[in-house]
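Structural features, examined
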Amino acid sequence: MSISKFFGFYACLMIVTLSVVPDAILAQSKPNYSDDYITPPESIAEEILAPRHEHVTLNNLSPNGGYFLNRIESGLPQLSKLAKPWYNIAGLQIDHRANRNRSMTIDDPVIGLELIDSRTGESRRLSTPRTATITDVSWSPAGDKLAYFAHYNRATHIYVATLESGQSERLTTLPALATLVTSFEWAGDGQSILTVLLPEERGAEPRRPQTPNAITVRTTTPEENRLRTYQSLLTDRHDANLLEYFVTGQLAKINVETKVVQHIGNPSMIRRFDTSPDGDHLIVQTMKRPFSYIVPVSRFGWTEEIWDLNGNVLTELRTSDHRLGVPDAEEVEDYGRRDIKWRPDGNGLSLLLKSDAGKDEEESDSGDNGDDDTRENSEPNEDDDATDRVIQWVPPFGENDQSIVYETDSEMDDVMYNDDSDILFITERGSENEKLYAVFMDEPDSTYTIFDYERSEFYEDPGNVMRTGGDLGEYVVRVSPNGENVYLDGTEYFEDFEENAPRPFVDEVNIRSGETTRIFQSSPDVYEEVASVLDDELNLLMLERETPTMIPNSWLYNRETEEMEQLTVNSDPNSEVTQAQRDRFKVKRADGFEFWMEVIMPQDWNGEPLPGLIWHYPREVDDQEDYDEGVRDYNKNRYPRIYARSSDIMIKEGYAVLQPDWPIAGDRGSSNDNFVWSIVQNSTAVIDSAEARGYIDRHKMAIGGHSYGAFGTSNAMIHTSFFKAGIAGAGNYNRTLTPLGFQREPNDLWRGLDKYVQMSPIFWADRLNGALLMYHSEADQNVGTWPTNSRRMFHALNGIGKDAALYMYPHEGHGPDAEQTLLDLWTRWVDWLDYYVKENGAVEE
């Protein structure tokens, strides 16, 4: 376990090589190597700080359909938030002063809540605590109240806002514990909220002994164990005790009106919980001790049980041991139970169970026999082969409390219900097809197919059955008021996707006849997506509409009158970039492989070639067909999206920005055999194609990327001579530091030594062409990109006289988020490229 400290911002650099430049050229000054946080030119800063957070999307509709919820955000996170002390315990990042997950402190700074009338678009703001940020806003089942977490500097509390008054009132007296469980739940009647609180008699935080009382011991596992290179693990028993302290909470039910708190059981290490619609029972998943020292918290073992409101364990549903490596998939002992969930009508649990499941288990533990089936005309034939069953399991969840609702000779994948639970909607998924059919409970021997399609037929995908909130808060299949129809929403794609954009649709399907009627489809020239449904007949739809030149806005569409009314007035604060000149075209490599690239040019580009920046991310594909299948969902009607780290912004400094796909092609499991070859081929084809169209000066090129893109950047600068400079963020430069595999690589270091060495930039650092800017975050937790990669790569480049710099950012994760970090980062990028690309490293006289 590591406790974050204020690392202090520092820059690692070496003296850049001087070169002579003609007097006629005004040379760019050297990059700014100050260790202060610095800011870029205003033209860049205005794009980073643009108020994108003010964009409103009407997609969070109250259960009664009256209002949409809009979260009011404050913009980019501030570095002071990220710098707040925190613990990293086996990968679980904890704001220990506030007893919550660190993400709730630093992410998405929501500072207010706004209600928007679903018919008129009129808005009003709810009263919320001024000094708190907000997460996990949740409608009550009736839609007359909202509950949310309010995060203060040293505590998290639940507040409830009443829509009629617009006022919020604090519900919790003791603070919530939101380290593992980061949400709460309404009971189905809307009278209570269930949550995890700090234990009343918690005691003091464990302190590390000044004199060690234990050593660290690790032993190998009995068999090969290809663990990933996790950065944060438990180190000793103190870490284990600290973890237990910060994840042990008191499950409680709190009456919304009286605020009376009912404790449920004893404080436990609760991983998740799921409340029954009637609020009387819970599925509770608790973490197990002893903990593992070789995997993070997310892979620790757990037990899942049904509890009553007194905390009594009524039955064990499932259990899982630590996921310690191979096999990587979670191994769960579920006693044959699958698709376990609460029935939406409040009558117990629904689950799937094979007729022969649990026969080798103890009857009293598994309760899987279903011998007391009471449903008429549904007794299975015990002489037949195993059938698959939908089971209803009612309180008190003993072995004799199960009944068979439906059974079939086919294997079911999941079951959904309508609100009354008298229609089952069953999905069967095979390796090649998917089928959805309905079963009416008053005629269980008949099935009615909603769709049955081959999963390989991409262009024939029927969509997904639409769901909505039920009366008791559970999601149910949306059925027409007359009970005869269901609805499928999906997207129609076209083989000529460059000419025909994807078109979202809604189909109405008669349950008994299977007759399908398309009741809505997006226009060919406008991308229109159903964000919300406002009535039971689907006559009123809230659409999110956009084109390449029309920013997304929410429009109320009346299907009967075909009238459409715009309810939001979003504007684009990044229009200079989103509406730049853009060209998308195919690139062909020398080996015949084709892939797509988009080129972005400044709005005022005069046709003269510009310095170029390639921004990329390598992606493994099996072959051309595999690549082509991956781009079938391209949408030419999308409005361009710009974020604080979008490379598009570099056009404002006079660069052509090239954003190609970057395929690494080879048979599955062997694509990395061609990694270097693909890097060279891709670079060549991209530059040749962009130059042929007059976009770039091929003698003034840079390349950049983040994470695996940083890995690709350094390799491109080593194995080609195209690039004057590169930008590499949070990269891995030494594959021997991930000796048991990476990305889709199936071989370990010892079975693929030549490949690991060939792909590792640090082994070829002496061949680096151009100047490499690296940046990395001190708190990067991404598997495979430890910050030591950048430190060692810089050490190597410095030692052999290459032009390089390394900027390390405190408190940030794999992707920088804080406003101050982002402004500084862009300043370094612009300075670096201007100096090494525009002026070829010339020194100002």
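Let me begin by describing the structure that accompanies this report.

Turning our attention to the sheet that holds strand β27 (residues 423-429). Pairing is antiparallel in the open sheet, where four strands are placed in the order β26-β27-β28-β29. Looking at which strands have only one partner, the edges of the open sheet turn out to be β26 (414-417) and β29 (448-454). Direction aside, the axes of adjacent strands within the sheet are offset by 15° on average. Across six bridges, the pairing between strand β28 (residues 433-440) and β29 is antiparallel. Bridge pairing in β29 places Leu 436 opposite Phe 451.

Further remarks concern the nonpolar core. Ranked by internal contacts, the top residues of the largest apolar core, which has 54 residues, are Met 597, Ile 614, Leu 658, Ile 696, Phe 723, Met 774 and Leu 797. Setting aside residues up to four positions removed in sequence, Met 774 forms contacts with Ala 728, Tyr 733, Ser 790, Met 793, Phe 794, Leu 797, Ala 805, Leu 806 and Tyr 807. Membership of the second largest hydrophobic core comes to 36 residues, among which are Ala 45, Ile 48, Val 830 and Tyr 835.

Side-chain positions along a regular strand alternate between the two faces of the sheet. Burial analysis of strand β48 (residues 771-777) places seven of its seven residues in the buried class, the great majority of the element. A two-sided burial pattern is seen for β48, the buried positions comprising Ala 771, Leu 773, Tyr 775 and Ser 777 on one face and Leu 772, Met 774 and His 776 on the other. Relative to β48, strand β47 (residues 725-729) runs parallel, the two being bridged by five bridges. From the neighbouring strand, Gly 726 faces β48, where its bridge partner is Leu 772. Assessed by its sense of winding, the connection that carries the chain from β47 through helix α10 (residues 753-759) to β48 is right-handed.

To continue, consider the pattern of salt bridges. Taken as a whole, this structure holds 45 salt bridges when the rule is applied. In this structure, Lys 354 and Glu 411 form a salt bridge, with 3.5 Å as the shortest nitrogen-oxygen distance. Of the two residues, Lys 354 sits in strand β23 (residues 349-354) while Glu 411 sits in the loop between β25 (402-408) and β26, which places them 57 residues apart along the sequence. One salt bridge in this structure joins Asp 688 and Arg 698, with 2.9 Å as the shortest N-O distance. Here Arg 698 lies in strand β46 (residues 696-706) and Asp 688 lies in helix α8 (residues 675-692), a separation of 10 residues in the sequence. Note on Arg 698: relative accessible area 21%, which makes it partly exposed. Linked by salt bridges that have partners in common, Glu 46, Glu 47, Glu 576 and Lys 652 make up one network.

This brings us to the packing of α8 against helix α9 (residues 708-719). Helix-helix packing is described using two parameters, namely the angle between the two axes and the distance between the axes. Between α8 and α9, the least distance of the axes is 10 Å, while the angle of their chain directions is 80°. Judged by the inter-axis angle, α8 sits roughly perpendicular to α9. Mapping the contact onto sequence places Phe 675, Val 676, Ile 679, Val 680 and Ser 683 in α8 and Tyr 708, Phe 711, Gly 712, Asn 715, Ala 716 and His 719 in α9. In terms of residue class, the contact of α8 with α9 is built from seven nonpolar, four polar and no charged.

What follows deals with unusual backbone geometry. Following Arg 289, the chain continues into Pro 290 via a peptide bond in cis, with omega recorded as 0°. Checked against the element boundaries, Pro 290 lands in the loop between β18 (281-287) and β19 (302-308). The omega torsion across Pro 395 and Pro 396 is 5°, close enough to zero to call that bond cis. The residue Pro 396 is located in the loop between β24 (388-393) and β25 in this model. Phi at Asn 99 takes a positive value of approximately 55°, unusual for a residue other than glycine. One can find Asn 99 in the loop between β5 (92-95) and β6 (100-101). The phi dihedral of Gln 743 is positive, around 45°, even though this residue is not glycine. For Gln 743, the location among the structural elements is in the loop between β47 and α10.

Definitions and limits used
- Residues numbered from 1 in each chain as written.
- Predicted model: local features only at pLDDT ≥ 70, side-chain atom pairs only at ≥ 80, totals over all residues.
- Heavy atoms only, no water.
- Pairing = 2+ DSSP bridges.
- Helix = DSSP H or I, 4+ residues; strand = E, 2+ residues; numbered from the N terminus.
- Axes fitted to C-alpha atoms, helices over the stretch in contact; angles between N-to-C directions.
- Core = buried A, V, L, I, M, F, W, Y, C linked by side-chain atoms within 4.5 Å.
- Buried < 20%, exposed > 50% of the residue type's maximum accessible area, 1.4 Å probe, protein only.
- Contact = heavy atoms within 4.5 Å.
- Right-handed = clockwise from strand over helix to strand, strands pointing away.
- Salt bridge = Lys/Arg side-chain N within 4 Å of Asp/Glu carboxyl O.
- Parallel < 35°, antiparallel > 145°, perpendicular 65-115°, else oblique.
- Nonpolar A, V, L, I, M, F, W, Y, C, P; charged D, E, K, R; others polar.

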